[in-house]
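The chain contents come next:
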Amino acid sequence: MADFSGADLDRMLTDARKTLESMRKGDSAGQPAATPRTSDSGTPARGGEPIEGVGLAADGRVRATVVAGGRLKSVDMDPRAMRLASAELGEQIVVAVNAALDDLRTKAAAAPTDEVVDTAALGKQVEEIQNQSLRQMELITQALNDTISKIGNTRR
């Protein structure tokens, strides 16, 4: 089991607070996290389905659809695509999926976001956790010291 002290916890929480503070100031290392959403029509909407990216290959005979998170939703093939050699069909599927991922990235970058992390509130929560953990560590340390003191007194 790895050693983990109260000082380590305090340092980690302090680092987290500094990171959140830099995010609030708009440093490039910490931009607000967001999840763009769209409705079925492809326009941004709250609580809708994730944005979809679509890619075509083999002159439109292979169509791939991906959703946010880089998940493949579907691959549709025109029956004429089945006439391709298996290696060529595989290559065309890869082309379609990569085109769909590129389309998804483009749409996600252009879509307005509706879910942004409130770094100020998050920073406040981390600060509260840090303060509470320090109080608890002080209580634990005091209890251990009291126990050690009692054990030392009974051995005399």
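Here, every reference points to the structure presented above.
Residues numbered from 1 in each chain as written. Predicted model: local features only at pLDDT ≥ 70, side-chain atom pairs only at ≥ 80, totals over all residues. Heavy atoms only, no water.

### Observations concerning the nonpolar core
Operational definition: Only buried Ala, Val, Leu, Ile, Met, Phe, Trp, Tyr and Cys residues count toward a nonpolar core, and they belong to the same one when joined by side-chain atoms within 4.5 Å. Partly exposed residues are those whose accessible area sits between 20% and 50% of the maximum for their type, while under 20% is buried and over 50% is exposed, using a 1.4 Å probe and protein chains only. A run of DSSP states H or I qualifies as a helix once it reaches four residues; a run of E qualifies as a strand once it reaches two. Both are numbered from the N-terminal end. When checking whether two residues touch, look at their non-hydrogen atoms; a contact exists if any pair is within 4.5 Å.
Membership of the largest hydrophobic core comes to 14 residues, with the highest contact counts inside it found for Val62, Ala64, Leu89 and Ala96. Those elements that provide at least two residues to this core are strand E2 (62–67) and helix H2 (86–110). The greatest single-element share of this core, amounting to five residues, is contributed by H2. With residues near it in sequence (within four places) discarded, Leu89 still touches Val62, Met77, Ala81, Met82 and Leu84.

### A few points about unusual backbone geometry
One non-glycine residue, Ala58, adopts positive backbone phi at about 55°. At Asp59, a position not held by glycine, the phi torsion is positive, near 55°. Within the secondary structure, Asp59 is located in the loop between strand E1 (52–57) and E2.

### As for the pattern of salt bridges
Spelled out, the test is: The term salt bridge refers to a side-chain nitrogen of Lys or Arg lying within 4 Å of a carboxyl oxygen of Asp or Glu.
In the structure shown here, the tally under the stated rule is four salt bridges. The salt bridge involving Asp102 is made with Arg105; its shortest N-O contact spans 2.8 Å. With Asp102 and Arg105 both in helix H2 and three residues apart, the pair spans about one turn of that helix. Between Asp103 and Lys107 there is a salt bridge, and its shortest N-O distance comes to 3.2 Å. A residue pair is termed a helical-turn pair when its members lie 3 or 4 positions apart in one helix, as Asp103 and Lys107 do in helix H2 at four residues. Judged by relative accessible area, Asp103 falls into the partly exposed class, the value being 22%.

The values are spatial; any link to function lies outside them.
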